[in-house]
Amino acid sequence: MTLTILGCNGALPAYGRFPTCQILDVGAEMFLIDCGEGAQIKMQQYKVRSNRVNHVFISHLHGDHFFGLIGWLNSQALLGREKELHIYANEKLKAIIAIQLEWQLPYQIIYHDLVPNESQILLDTDKYEVISFPVMHSVPTHGFRFTVKRNKRMMISDKVRECEVPQYFYKKLTLGFDYEKANGEIIKNEILTTKGKPNLVYAYCADTLYTETIVPYLQNCNLIYHEATYCNDQLDKATARMHSTAEQAANIAKLSNANQLVIGHYSSKYKDISGHLAEANAVFEHVVLAEEGLSIEVK
Ligand SMILES: [Zn+2]
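Residues numbered from 1 in each chain as written. Predicted model: local features only at pLDDT ≥ 70, side-chain atom pairs only at ≥ 80, totals over all residues. Heavy atoms only, no water.

K.L.:
If you had to explain the domain arrangement of the protein to someone new, which residues and values would you point to?
P.N.:
Segmenting the protein into domains produces domain 1 (2-151 + 197-297) and domain 2 (154-193). Relative to domain 2, the C-alpha centre of domain 1 lies at a distance of 41 Å. (Domains from an automatic or database assignment.)

K.L.:
Residues and numbers for the nonpolar core, please.
P.N.:
Ranked by size, the top nonpolar core spans 59 residues in total, and within it Met-1, Leu-24, Phe-31, Phe-57, Phe-146, Tyr-202 and Ile-263 carry the most contacts. A per-element tally of this core places strand β14 (residues 200-205) first, with six residues. In this view, Leu-24 contacts Met-1, Thr-2, Leu-3, Glu-29, Met-30, Phe-31, Ile-33, Phe-146 and Tyr-202; residues no more than four positions away in its chain are not counted. (Core = buried A, V, L, I, M, F, W, Y, C linked by side-chain atoms within 4.5 Å. Buried < 20%, exposed > 50% of the residue type's maximum accessible area, 1.4 Å probe, protein only. Helix = DSSP H or I, 4+ residues; strand = E, 2+ residues; numbered from the N terminus. Contact = heavy atoms within 4.5 Å.)

K.L.:
Which residues make up the sheet that holds strand β5 (residues 85-89), and what values do they have?
P.N.:
Note on sheets: strands pair through backbone hydrogen bonds, and any given pair is parallel or antiparallel. Strand order in the open sheet made by the seven strands is β6-β5-β4-β3-β2-β1-β18, with mixed pairing throughout. Edge positions in the open sheet fall to β6 (109-113) and β18 (295-297), since each of these has one partner strand only. Taken pair by pair, the neighbouring strands of this sheet meet at an average axis angle of 20°, ignoring direction. Here strand β3 (residues 30-35) pairs with strand β4 (residues 53-57) via four bridges, running parallel. In the strand pairing of β4, Ile-33 is matched with Phe-57. (Pairing = 2+ DSSP bridges. Axes fitted to C-alpha atoms, helices over the stretch in contact; angles between N-to-C directions.)

K.L.:
Tell me what's going on with the coordination of the zinc ion, and back it up with residues and numbers.
P.N.:
Listed as protein donors to the zinc ion are Asp-64 (OD), His-65 (NE2), Asp-207 (OD) and His-265 (NE2); their distances from the metal cover 2.1 to 2.2 Å. Each of the four donor atoms bound to the zinc ion contributes to angles spanning 89 to 173°, and the resulting shape is irregular. In primary sequence terms, the donor set of the zinc ion follows D-H-x141-D-x57-H. Taken as a pair, Asp-64 in the loop between β4 and α2 (69-78) and His-265 in the loop between β16 (260-264) and α9 (274-281) lie far apart in primary sequence, 201 residues in all. Residue classification places His-265 among the buried positions, given a relative accessible area of 2%. (Donors = N, O, S within 2.8 Å, 3.2 Å for Na, K, Ca; no water. Tetrahedral: all angles 85-135°; square planar, octahedral: opposite > 155°, others 65-115°.)

K.L.:
Residues and numbers for the environment of Ile-273, please.
P.N.:
Structurally, Ile-273 is set in the loop between β16 and α9. C-alpha separation for the pair Ile-273 and Cys-231, spaced 42 residues apart in sequence, amounts to 9.1 Å. Once residues within four sequence positions are removed from consideration, Ile-273 is found in contact with Arg-17, Tyr-266 and Leu-289.

K.L.:
Would you mind going over the packing of aromatic side chains in detail, with residue names and values included?
P.N.:
The geometry of an aromatic ring pair comes down to the distance between the two centres and the angle between the two planes. Here the structure, examined in full by the defined rule, presents 14 aromatic pairs. One aromatic cluster in this structure is built from Phe-31, Phe-57, Tyr-88, Tyr-128, Phe-144, Phe-146, Tyr-202, Tyr-204 and Tyr-225. In this structure, Lys-42 packs its charged tip against the face of Phe-18, placed 4.5 Å from the ring centre. Here the basic side chain of Arg-81 rests over the ring of Tyr-107, its NZ or CZ set 5.5 Å away from the ring centre. (Phe/Tyr/Trp six-rings, centres within 6.5 Å; stacked < 30°, edge-to-face > 60°. Lys NZ or Arg CZ within 6 Å of the ring centre and 35° of its normal.)

K.L.:
Before we move on, can you summarise unusual backbone geometry with the specific residues and values?
P.N.:
Negative phi values dominate among residues other than glycine, just as trans dominates among peptide bonds. In this model, Tyr-15 sits at a positive phi of 55°, which is unusual for a non-glycine residue. Its location among the elements puts Tyr-15 in the loop between β1 (2-7) and β2 (21-25). Using a relative accessible area of 46% as the deciding quantity, one classes Tyr-15 as partly exposed. Its identity is not glycine, yet Glu-164 carries a phi of approximately 55°, on the positive side. Among the secondary structure elements, Glu-164 is positioned in the loop between α4 (157-162) and α5 (170-174).

K.L.:
How would you summarise the sheet that holds strand β9 (residues 142-148) if you had to cite specific residues and measurements?
P.N.:
In spatial order, the strands read β7-β8-β9-β14-β15-β16-β17; together these seven strands make up an open sheet with mixed pairing. Of all strands in the sheet, those with a lone pairing partner are β7 (120-124) and β17 (287-289), marking the two edges. Going across the sheet, the axis of each strand differs from the next one's by a mean of 15°, ignoring polarity. Strand direction decides the pairing type here: β16 and β17, joined by three bridges, are parallel. From the neighbouring strand, Leu-261 faces β17, where its bridge partner is Val-287. Relative to the sheet, helix α8 (residues 246-255) contacts β15 (223-227) and β16, its axis offset from that of β16 by approximately 155°. Each of β16 and β17 is contacted by α9, which is oriented at about 170° to β17, the strand it contacts most.

K.L.:
Explain the pattern of salt bridges residue by residue, including any values.
P.N.:
In this structure the tally under the stated criterion is seven salt bridges. For Lys-171, the salt bridge goes to Asp-126, with nearest N and O atoms at 3.3 Å. Note that Lys-171 is positioned in helix α5 and Asp-126 in the loop between β7 and β8 (128-134), a separation of 45 residues in sequence. Looking at Lys-171, the relative accessible area reads 46%, which means it is partly exposed. According to the relative accessible area criterion, Asp-126 is partly exposed, its value standing at 41%. A salt bridge links Arg-145 to Glu-129; the nearest nitrogen and oxygen atoms lie 3.3 Å apart. Placement of the pair is Arg-145 in strand β9 and Glu-129 in strand β8, with a sequence separation of 16 residues. (Salt bridge = Lys/Arg side-chain N within 4 Å of Asp/Glu carboxyl O.)

See the structure below:
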């Protein structure tokens, strides 16, 4: 699981920093998280194979989080995309996209509405789980928690063969079931399998006022992204505009018992963002500053 930052700035692009966009590579595919203006330029620059994206998550409908989407959707068509694309966003996005497209895309977009103020399970497969959770901003806004499931039990092939477990039962073995032979003999699961690896979890906390209501969704994440638009010198402005400071972001990571924190969404007021790092580090040790092109292995 690797997170790549394609845009790390706040509402205005500034000092070469682009508005918010991230790619989460989960192995078999990639998830696109927000899609600020210029996103596809950055995808090209950092050689992101975005045709592997089948699921797009848009936190809220402020322009710095989705103005790059229409261009990318159009380019996907020009590049020959035929497979369907799922977009998870506020219900208004569908009409906004439709009004900008005067031609029929050669692939289908399937919209999934994020319900304001609610947490939803957006994806739940053998391999991944994605949930949304509400954050506090001036329009309905959601964060997302991405889990790569790795905790299935691993089969001990010699034992499985020796006990003549049929292939159709393999999936159940990985889920912890005992196997019952035709003669009624029970083979305990722990004889046939070993423990799996812990899950990997990344949580994306989009534009938000400082709120500890999100902490239950963030427990024991390997990596958390939390916006840090301002430093504490602008705490009043952060509060008035429903954003957070670097110290507040670090506090959320600490309360959540995260392994690592990445901060971003810097105000264009700050050319130098080293103050954000110092402020966050005073509260939480493992902090990384988001910057375009940065890739972080989630571990
Ligand atoms: Zn924003």
